[in-house]
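Chains, contacts and geometry: an overview
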Amino acid sequence: MALNRNITISEKYSVISVIKSLFKQRREQSIIIILLSIVVSFFEMLSISLLIPALEQILNQSTEMNIRFVSYIKKVYSMINVEYTILTLFIGIALIFIFKAVINITLATLINKEKLWYEVSRRKKVCDIILYSDWVFINGSMKSYMTNIVTNEIEKDRDVYLKTLNLLPMVFLLLVYVILLVLLSFEITVLIFLIIGGVTLILGRLVKNARYNGSKILRQRNLFMKETLASLDGLKNIKSTSKESFVKNLLHERTKYLSQIRYEMNDRMNQITYLHEPANFIPILIIIYISMTYFYVPISVIGIMIYVFLKLSGDLKVIQTEYYRIKFEIPSMNAVDVLIDEGSKNVEKDGDTTIEGFNEKIEFKDVSFGYSDNDVLKNIDLIINKGDKVVFFGPTGVGKSTIVDMILGLIYPKSGELTIDDIPIENIKKGSWHKILSWMGQDPYLFYGTIEENITWGQKDIQREKLDNACRLACCSDFVNKNGFSYDYIIGDRGSKLSGGQKQRLALARVFLEDPEIVILDEPTSHLDMETKNKLLQNIGKFCEDKTLIMITHDIEIPSFIDTMYVFDKWELKKIDNPNNLR
């Protein structure tokens, strides 16, 4: 099953569901974070509470609440055998702030470790899905969709997790501030929350439908990635047909639309940020006036309430902003989960039989295969014996590569049976089978690295003599160690600094270095000049004298070492022995 090409992100996620998921996945760590948050909140409450008697002593004021509170403080000081004075009170406040800072550092470190764990585990899961999912699933999914997940969405997925973790301590602090305000003055607290509620409601309207906008941006980003990758892959065709203007307009249109959605969302976030200052300051003025005029609240209590209110308002601003950013980025978390869930349902099958070598034959018994409703192979019977030199010939799309994909174990017959030494290929451990063979495709896999790293890919401690011999057989000697090239030469992204023929020869050098029992080559000389092609074919023939060789070609000139040719003709596979006699 492949991902839907027009995949849409479901609405099953909410901030609450993210928190539930957090507790489900990391219960122990979540409990520790909550406990530390409670401790921090306790110290915050204690530090602010101690400011009240300190401020009242400085202002030479005294309230009934202060008298009771000071008596409690004096009892605590007597228990630890410390004299209560204004100095010791200030020292106590300072120590509480230090303790609070230490706990906050511990809490921040724990949250950062959780962020690291989450990001690494999610990236590993996505990589595992790409590497170990069924080939039909991977090949049928959008390359651009997966690229967007790995490069963009997984970052936002991490941010959702991190923002949610950061919100937990702030919620407890918010609760502490509310309790303190109620203890200081219930009436003023009610007034404060009436004002805050109104401000929050107004600002909340500015970022309405944040999650919808997040989903819209995700879809546009996927589309933009798809078209950008297609343009990069087809850049040569675009430039050679002067289609730059057409593609430019298409990409510019997508870029403008994507940027416009982002601009609108960021603009709303900025409005919230800058409106919070007047939204906080104006209520403070109103509260001070009402407190002093109607409730006769002492100036010391008003000062503490303003301090608490400012902290409350600042945290509320962060909570509100982060809440909407979480909603905005939740579709990215959902997109990552969709890929992981779909990939988990399509894990590549593997057998449990280990084979040590290739002893007899590869046999197709009445094999049929197709993608969805499109049949590619029908009732194929075919035997490739050990030591055979076989070529598959025919036009594009008749099933040559499908046969090779089956032999490689990437796909399995829909009906019939494919066996290796009479063992069904589904029962064979892929790792053991792939050690016996080596495959080179039409578009060789090269990566950003040196020539040596690309040839020795996955192999360690290769002797220079073997590397030199592999390069000689692959006819790489005309450019390796010449014209500025060396084994340490960086070939660029996917071999961008090499010609098509040089890429093919490096890939063939990799095959020669692996020295397998079975060699599978798909159009190995399609980018070579005639002289290099003939020399390379001679080397392939000598290299494969004691090996099994399977080739795919469109070239009507069949190499002399081929002893059997299979020709696709109207869905039928015709066997031609000694094809060189047809010349």
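Cut-off values and rules
Residues numbered from 1 in each chain as written. Predicted model: local features only at pLDDT ≥ 70, side-chain atom pairs only at ≥ 80, totals over all residues. Heavy atoms only, no water. Axes fitted to C-alpha atoms, helices over the stretch in contact; angles between N-to-C directions. Helix = DSSP H or I, 4+ residues; strand = E, 2+ residues; numbered from the N terminus. Parallel < 35°, antiparallel > 145°, perpendicular 65-115°, else oblique. Left-handed = near helix turned anticlockwise from the far one by under 90°. Contact = heavy atoms within 4.5 Å. Nonpolar A, V, L, I, M, F, W, Y, C, P; charged D, E, K, R; others polar. Core = buried A, V, L, I, M, F, W, Y, C linked by side-chain atoms within 4.5 Å. Buried < 20%, exposed > 50% of the residue type's maximum accessible area, 1.4 Å probe, protein only. pLDDT = per-residue confidence, 0-100. Pairing = 2+ DSSP bridges. Arc of directions from axis to C-beta. Polar contact = N/O pair within 3.5 Å; in protein donor to acceptor, adjacent residues only side chain to side chain. Salt bridge = Lys/Arg side-chain N within 4 Å of Asp/Glu carboxyl O.

**Here we look at the packing of helix H15 (residues 464-473) against helix H16 (residues 500-514)**
What describes two packed helices is the angle between their axes and the distance between those same axes. Where H15 meets H16, the axes come as close as 8 Å, and the angle between the chain directions of the two elements is 130 degrees. The pairing of H15 with H16 is recorded here as oblique in orientation. Crossing of H15 over H16 shows right-handed handedness. Along its contact with H15, which presents Lys466, Leu467, Ala470, Cys471 and Leu473, the element H16 presents Ala509, Phe512 and Leu513. Here the contact of H15 with H16 is composed, by residue class, of 7 nonpolar, no polar and 1 charged.

**Quick look at the nonpolar core**
Ranked by size, the top nonpolar core spans 48 residues in total, and within it Ile33, Leu89, Ile192 and Met305 carry the most contacts. If you list the elements that add at least two residues to this core, you get helix H1 (15-25), helix H2 (27-58), helix H3 (64-79), helix H4 (86-132), helix H6 (143-184), helix H7 (186-206) and helix H11 (299-345). Broken down by element, this core gets its largest block of residues, 14 residues, from H6. When near neighbours in sequence (up to four residues on either side) are disregarded, Ile192 contacts Leu181, Ile287, Met305 and Phe309. Residues Met440, Tyr487, Leu549 and Ile562 belong to the second largest nonpolar core, which totals 40 residues.

**Some words on the confidence of the model for the protein chain**
Summary statistics for the protein chain give a mean pLDDT of 79 and a share of 80% for residues scoring 70 or more. pLDDT under 50 marks residues 1-11. Its contacts with residues more than four places away, or in other chains, come to 25 contacts.

**Considering the environment of Phe328**
Mapped onto the fold, Phe328 is located in helix H11. Taking the C-alpha atoms as reference points, Phe328 and Lys156, 172 residues apart in sequence, are found 9.6 Å from one another.

**A few points about the sheet that holds strand E7 (residues 518-522)**
What the 6 strands build is an open sheet, ordered E6-E7-E8-E3-E9-E10; its pairing is mixed. Looking at which strands have only one partner, the edges of the open sheet turn out to be strand E6 (437-440) and strand E10 (572-577). Between one strand axis and the next, the sheet turns through 15 degrees on average, direction left out of account. Its contacts with the sheet place helix H12 (residues 400-408) against strand E3 (389-393), E6, E7, strand E8 (548-553), strand E9 (564-569) and E10, and it is angled at close to 150 degrees to E8. Relative to E6, H16 is tilted by about 180 degrees, and along the sheet it contacts E6 and E7.

**A few points about the sheet that holds strand E5 (residues 423-424)**
Taken in spatial order, the 4 strands make up an open sheet running E2-E1-E4-E5, and their pairing is antiparallel. Every other strand in the sheet has two partners, leaving strand E2 (374-385) and E5 as the edge strands with one partner each. Note that strand E1 (residues 361-371) and E2 share 8 bridges and pair antiparallel. Paired with Glu363 across the two strands is Ile383, which belongs to E2. Strands E1, E2 and strand E4 (415-420) of the sheet are contacted by H12, whose axis makes an angle of about 120 degrees with E1.

**A closer look at H1**
Three or more residues of H1 are buried, namely Val15, Ser17, Val18 and Leu22. Looking straight down H1, one finds that the buried residues subtend no more than 160 degrees of arc, so they occupy a single side. The outward face of H1, more than 90 degrees from its buried face, is lined by the exposed residues Ile16, Lys20 and Lys24.

**So, the side chain of Ser37**
Following the sequence through the fold, Ser37 ends up in helix H2. In this structure the side chain of Ser37 is engaged in a polar contact, spanning 2.7 Å, whose partner is the backbone oxygen of Ile33. Not counting residues within four places of it along the chain, the set of residues in contact with Ser37 comprises Leu107, Leu168, Pro169 and Phe172.

**Some words on the pattern of salt bridges**
Tallying each qualifying case throughout the model produces 16 salt bridges. Lys386 is the salt-bridge partner of Glu517, the closest N and O atoms lying 3.7 Å from each other. With Glu517 in the loop between H16 and E7 and Lys386 in the loop between E2 and E3, this residue pair connects regions lying 131 residues apart in the sequence. We classify Lys386 as partly exposed; its relative accessible area is 44%. A salt bridge links Lys547 to Asp515; the nearest nitrogen and oxygen atoms lie 2.6 Å apart. Residue Lys547 is found in the loop between helix H17 (530-543) and E8, and its partner Asp515 is found in the loop between H16 and E7; the two are separated by 32 residues along the sequence. Judged by relative accessible area, which is 47%, Asp515 ranks as partly exposed. Look at the salt bridges and you will find they share partners, linking Glu119, Arg123, Glu155, Arg158 and Asp159 into a network.

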